[in-house]
Amino acid sequence: MRYLRKLASAVFSPVPVSRDRALGISERLSALTTLSSSLEYLHQRKQLDPGGLNDWDIMKKSPESKNLFIRRVSGAVAGKHVTLALHASRAAVSAGLLLPGNSRWRGAGSLFLGATTCLLAARHRYGTDGSDQVATLVQGATGLARLSTSPQTKDAFLWYVALQANLSYAASGWVKLIGERWRDASALPGVMRTRTYGSEGVYRLTQRYPRTSKYLQHGVLAMECLFPVVYLAGGRLTRPFLASAVGFHVANGFVMGLGRFMTAFPSLHPMVAYTTVPASHPAVAGRDDRAVKAAAVLLAAGVALSAAVAVQRRAAVLEGWPTSRKFVTRHGNELMYETGGAEFSEEPVLVFCAGLASTSEHFSWITERFVNETEHAVVSYARAGYGGSLRRTTVPYELAESVDDLEDLVRGVVPADRRVVLVGHSLGGELIRRAAARLGDRVAGLVYLDPAHPAELQRSQRQSKGAKDLRDTIAHASLYLRLGTGVLMSRPDWLDRLPKAYRERVFAQYTDARLWKAGKREWEAVEKEFRAFDGRIDPIGAPGLIIAAQQTVDQDPEQLLLYNELAHAHQDQGEHGGPGEDGGLGGLGGLGGIKVVEGSDHDSLLTNAPHAHRAADLIAEFLGGVRGAGVRQEEHVRQEQREGVER
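Within each chain, residues carry numbers counting from 1 in the order of the written sequence. pLDDT decides what is reported in this predicted model: residues at 70 or higher carry local features, side-chain atom pairs at 80 or more are listed and counted, and totals for whole chains, interfaces and linings draw on all residues regardless. Hydrogens and waters are ignored; side-chain quantities use all the structure's heavy atoms.

Participant: Residues and numbers for unusual backbone geometry, please.
Facilitator: Positive phi, normally seen in glycine, also occurs at S426, with a value near 55 degrees. We count a stretch as a helix when DSSP gives it H or I for four or more residues in a row; a strand needs E for two or more, and each element gets its number in order from the N terminus. Within the secondary structure, S426 is located in the loop between strand 5 (420-425) and helix 19 (427-439). The phi torsion at D450 lies on the positive side, around 45 degrees, for a residue other than glycine. Along the chain, the position of D450 falls in the loop between strand 6 (443-449) and helix 20 (456-459). Under the scheme applied here, a residue whose accessible area is under 20% of the maximum for its type counts as buried, over 50% as exposed, and between as partly exposed, the area being computed with a 1.4 Å probe on protein chains only. Relative accessible area serves as the criterion here: at 1%, D450 is assigned to the buried category.

This is the structure:
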């Protein structure tokens, strides 16, 4: 029993490491990481040659080099000889830091290693990983701590690294926990089957011992999610948690080939050990813990700022535009909509229905074109739960609810003597197809913009595989934004391709959890209904035009076949024609059919001005055909009436 108590005391006890010792161990481990990295690049120097994996002529076009300043700075060291000289000097400095010593020069060496890692980041897009980022973090902190003569300043830097370590592990764990694959223990076998990080032997072990594999994965989850508890119980949990973390990184190194992980992440641990020792312990006598209070104050300020920004953005979203109006549907849902264009024209009214997790402002390039340059009136609206529209009903959601809302909106907002052309993007295309059957003769035509097809999850392997990823993405975004992280959301590139007047309002919607909650609700219904689809599309009396994005049909040939079936459902358009002028399928009887916008993808079809304008041109041509067909129909009716009188 005495030996068991000694063993428990040895395992569950603080790690009494001093300030200087923590600095020394951390800077040596991070230096070892950089040494390994530079030696790898020196050994693989042929990858810097033209055509190599890190050919600068290719790397300078990467997202990391998009910023002009970064591209110029990286270009200054992009020459092969300059790059190799930097790596040689990094290797020499790293080796020097492995030697004994405690001088301030070691701080300069650590800062040099961290700075050159940043300098070469864009140059080496392929080959860097999280270990380089961790090493840079540690080198920056240890370098500045070494150069400081104030113990309080040194403690502040050590606390900074320790808090970053806790944040890193905890965030990684909770993100894994949200993902289904870590909860059902399919993540490890899945990774082991990949070519990049996999191991056939380990994969077979996971299949032979599934229960052990499950316990192992859940153990990793527990270690990461609960890592901050090392600060409880006087640091008695520090040893088992650090030992578990080291074991995890060593396993990654041997099994997945991530060798630098074995030194990079453990370089955080001495700082964690130093800060978890009780302040009364002689090893940390005089430790300044004010950094924790400062971090708590900054965190509270950040939370308050995040909440204020979220409230302000939601208020702007719910308020809508100065011209916004509201309409209440049969379900009690309040739909916010905007109108524009010729109010008293006899031309059909264009009604726009957006896609999943999208906004009515996505149509802005097209709607502005029709409002300003044609005699067509335009109605664009946000479905219940999106933008300023409110979902009041409490019954479980089905797509039929959105179809009902669209039907009610058309009948309640568009004058009874005017027909409509329904325009839908993505999921909006499926909704307008269903609504057309309800509206009957009110519909003059339908325009599908890269639409969803009810059979796509059954027949398109690409769509079926992407369904789970989309479900996870929407669910995660909904959860994170409900936690108030909208202020941290980066601005997507496509946003700045929209007309300037719409950008901020669209961004406010995308940082609001309501949009993602609505998207999650809709996607669950889509998966359920699309996977149960019987494979038959009912005939549609009105003419229809399908405008497809080139990348959609190029990357998934099955999608073009689905579009072809949708086009043939518009039975009043005659037989199928030949190839269309835009590379798609020809018009059906000269009206509608399938057109492909070259160079566009599913989103840029709307957000990229040239692509959207090309789509607008195709819609205008289609409307001209619809108008001509209507005139011919009226002439035919009048002719029949005259013949009837004569008889």
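Back to the text.
Participant: Can you explain the side chain of R287? Please cite residues and give values.
Facilitator: Take R287: it is sitting in the loop between helix 15 (269-276) and helix 16 (290-319). Any pair of nitrogen or oxygen atoms within 3.5 Å is treated as a polar contact; in protein, a donor-acceptor pairing is required on top of that, and neighbouring residues in sequence qualify only through side-chain atoms on both sides. At 2.8 Å, the side chain of R287 forms a polar contact with the backbone oxygen of V277. For R287, the contacting residues outside a window of four places in its chain are R19, D155, W159, Y274, T275, T276, V277, P278 and A279. By definition, residues are in contact when any of their heavy atoms lie within 4.5 Å.

Participant: If you had to explain the packing of aromatic side chains to someone new, which residues and values would you point to?
Facilitator: Ring pairs shown here join Phe, Tyr and Trp side chains whose ring centres sit within 6.5 Å, with only the six-membered ring taken for Trp; geometry is labelled stacked below 30 degrees between planes, edge-to-face above 60, and tilted in between. Taken as a whole, this structure holds eight aromatic pairs when the rule is applied. Arranged with centres 5.8 Å apart and planes meeting at 20 degrees, the rings of W159 and Y231 form a pair that is stacked. Here Y231 lies in the loop between helix 12 (210-225) and helix 13 (238-256) and W159 lies in helix 8 (residues 151-178), a separation of 72 residues in the sequence. Residue W159 is classed as buried on the basis of its relative accessible area, which comes to 5%. Y231 gets classed as partly exposed once you look at its relative accessible area, which sits at 27%. Geometrically, a charge over a ring is one whose NZ (Lys) or CZ (Arg) sits within 6 Å of the ring centre while staying within 35 degrees of the ring normal. One Lys or Arg, R491, reaches over the ring of F507 and ends 5.4 Å from the middle of that ring. A cation sits over an aromatic face here: R505 above W321, 4.2 Å from the ring centre.

Participant: Hey, could you go over the confidence of the model for the protein for me, with residue numbers and the actual values?
Facilitator: Overall, the prediction assigns the protein a mean pLDDT of 88, with 92% of residues at 70 or greater. Within a predicted model, pLDDT stands for the predictor's per-residue confidence, ranging from 0 to 100. Confidence over residues 572-590 falls short of pLDDT 50; this stretch has 51 contacts with residues more than four positions distant or in other chains.

Participant: Outline the pairing of strand 3 (residues 349-353), supporting the account with residue identities and numerical values.
Facilitator: Counting buried residues in strand 3 gives five out of five residues, a clear majority hidden from the surface. Bridge analysis of strand 3 against strand 5 gives five bridges, and the strand direction is parallel. Residue V351 lies in a different strand from strand 5, and its bridge partner there is L422. A pair of strands counts as paired when DSSP detects no fewer than two bridges linking them. Relative to strand 4 (residues 377-381), strand 3 is paired through three bridges, and the arrangement is parallel. In the sheet register, V351 faces strand 4, and the bridge partner there is V379. When the strands point away from the viewer, a crossover counts as right-handed if the path from the first strand over the helix to the second runs clockwise. Of the crossover connections in this fold, the one passing from strand 3 over helix 17 (residues 364-373) to the parallel strand 4 is right-handed.

Participant: Explain the packing of helix 5 (residues 80-97) against helix 6 (residues 105-120) residue by residue, including any values.
Facilitator: Axis geometry follows a simple rule: fit a line to the C-alpha atoms, using only the stretch in contact for helices, then measure angles between N-to-C directions, giving values from 0 to 180 degrees. At a minimum axis separation of 10 Å, helix 5 and helix 6 run at an interaxial angle of 150 degrees. In terms of their interaxial angle, helix 5 and helix 6 are classed as roughly antiparallel. In this structure, helix 5 crosses over helix 6, and the sense of that crossing is left-handed. On the side of helix 5, the interface is formed by T83, L86, H87, S89, R90, V93, S94, G96 and L97, while helix 6 contributes R106, G109, S110, F112, L113, T116, T117, L119 and L120. Amino acids are sorted into nonpolar (Ala, Val, Leu, Ile, Met, Phe, Trp, Tyr, Cys and Pro), charged (Asp, Glu, Lys and Arg) and polar (every other residue, Gly among them). Here the residues of the contact of helix 5 with helix 6 are counted per class, giving seven nonpolar, nine polar and two charged. Angle categories are assigned with fixed cut-offs, so that under 35 degrees is roughly parallel, over 145 is roughly antiparallel, 65 to 115 is roughly perpendicular, and the rest are oblique. Note on convention: the crossing is left-handed when the near helix lies turned anticlockwise from the far helix by less than a right angle, right-handed when the turn is clockwise.

Participant: Describe in detail the packing of helix 2 (residues 19-43) against helix 7 (residues 130-147), supporting the description with residues and values.
Facilitator: Close contact between helix 2 and helix 7 brings their axes to 9 Å; oriented N to C, the two are set at 140 degrees. Between helix 2 and helix 7, the interaxial angle falls into the category oblique. The chirality of how helix 2 crosses helix 7 is left-handed. Residues D20, L23, G24, S26, E27, S30, A31, T33, T34 and S37 of helix 2 form the contact with helix 7, whose own contacting residues are S131, D132, A135, V138, Q139, T142, A145 and R146. Looking at the contact of helix 2 with helix 7 residue by residue, the classes come out as five nonpolar, nine polar and four charged.

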